[in-house]
Amino acid sequence: MRFCSHCSAPVQLVRPQGDDRERFVCTSCEIVHYVNPKIVVGSVCTLGDRLLLCRRAIEPRVGFWTIPAGWLENGETAEEGAMREAREEACADIAIEGLIAVYSIPRIEQVQILFRARLLSADVAAGPESQEVRLVEWDEIPWGQLAFPTVGWVLRRALELRGQQHWPATFNPEPA
Ligand code: ZN
């Protein structure tokens, strides 16, 4: 960050009084610009014994497979965001059934909140951000062509819990 989004004056990296780390502080209006992780919301959507996957049409990782997921918007709950992403990326209507994972990825300044969801119908189609969408069997997951590590993490977790009533939420897996 170089300039204040409030008054356009330059900002300076300083440690505000009483704070324990450096922040971008405006040299004119003195507003402290906090920079915090962004939130990604998404869902593992199933219909019977099939699972919804989307092939990305946008960077990063064009052509690789993912679950419907994206940035949470201001003004919506995490569940609403996950439902919106399923609609945008796969034209899919879903019912959120529970939390499956919260993954923290400090390196890329993200927290991912991922749900388990039920597809309300098999009527799915590629939205503008997807090249194609598919309902795949669990043994058809393209493990070598997943877009992001967290997609692999959450799908392995879902695979473990498949068929069980209760899906306790999980956090970052132990590094391999
Ligand atoms: Zn300012």
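So, here's what we can say about the structure. (Residues numbered from 1 in each chain as written. Predicted model: local features only at pLDDT ≥ 70, side-chain atom pairs only at ≥ 80, totals over all residues. Heavy atoms only, no water.)

Overview of helix H2 (residues 149–161)
We apply this condition: The numbering of helices and of strands both runs from the N terminus, where a helix is a DSSP run of H or I of at least 4 residues and a strand a run of E of at least 2. In this analysis, the expected span of each helix is defined as 1.5 Å times one less than the number of residues it contains. Residue exposure (1.4 Å probe, protein chains only): buried if accessible area is under 20% of the type maximum, exposed if over 50%, otherwise partly exposed. Should any heavy atoms of two residues lie within 4.5 Å, those residues are counted as being in contact.
Compared with an ideal rise of 1.5 Å per residue, which puts 13 residues at 18 Å, H2 spans 19 Å between its outermost C-alpha atoms and is within 8% of the ideal. Along H2, the residues classified as buried are Thr150, Val151, Gly152, Val154, Leu155, Arg157, Ala158 and Leu161. Among the structural elements, strand S4 (38–47), strand S5 (50–56), strand S6 (65–66), strand S8 (94–105) and strand S9 (110–119) are those in contact with the buried residues of H2. Phi turns positive, to about 90°, at Gly163, one or two residues after H2.

A few points about the coordination of the zinc ion
As a reminder, the rule being used: Water is absent from the atoms considered, so a metal site may look incomplete; donors are defined as N, O and S atoms within 2.8 Å of the metal, or 3.2 Å for Na, K and Ca. A site with four donors is called tetrahedral when every donor-metal-donor angle falls between 85 and 135 degrees; four donors are called square planar, and six octahedral, when opposite donors sit more than 155 degrees apart and all other angles fall between 65 and 115; any other arrangement is irregular.
Taken together, Cys4 (SG), Cys7 (SG), Cys26 (SG) and Cys29 (SG) make up the full set of protein donors to the zinc ion, lying 2.2 to 2.4 Å away. Metal-centred angles of 98 to 119° between the four donor atoms at the zinc ion mark the site as tetrahedral. Between consecutive donor residues of the zinc ion, the sequence gaps follow C-x2-C-x18-C-x2-C. One end of the pair, Cys7, is in the segment before strand S1 (11–14); the other, Cys26, is in strand S2 (residues 23–26), and 19 residues separate them in sequence. Overall, the relative accessible area of 31% leaves Cys7 in the partly exposed class.

Focus: the environment of Arg61
Definition in use: Here a polar contact is taken to be a pair of N or O atoms separated by no more than 3.5 Å, where protein atoms must pair a possible hydrogen donor with a possible acceptor and residues adjacent in sequence count only if both atoms sit in side chains.
Note on placement: Arg61 falls in the loop between S5 and S6. The exposure class of Arg61 is partly exposed, given its relative accessible area of 35%. Spatially, the C-alpha atoms of Arg61 and Gln12 are 35 Å apart, while their sequence positions differ by 49 residues. Apart from residues lying up to four places away in sequence, Arg61 is in contact with Arg56, Leu146, Ala147 and Phe148. Separated by 2.7 Å, the side chain of Arg61 and the backbone oxygen of Ala147 make a polar contact.

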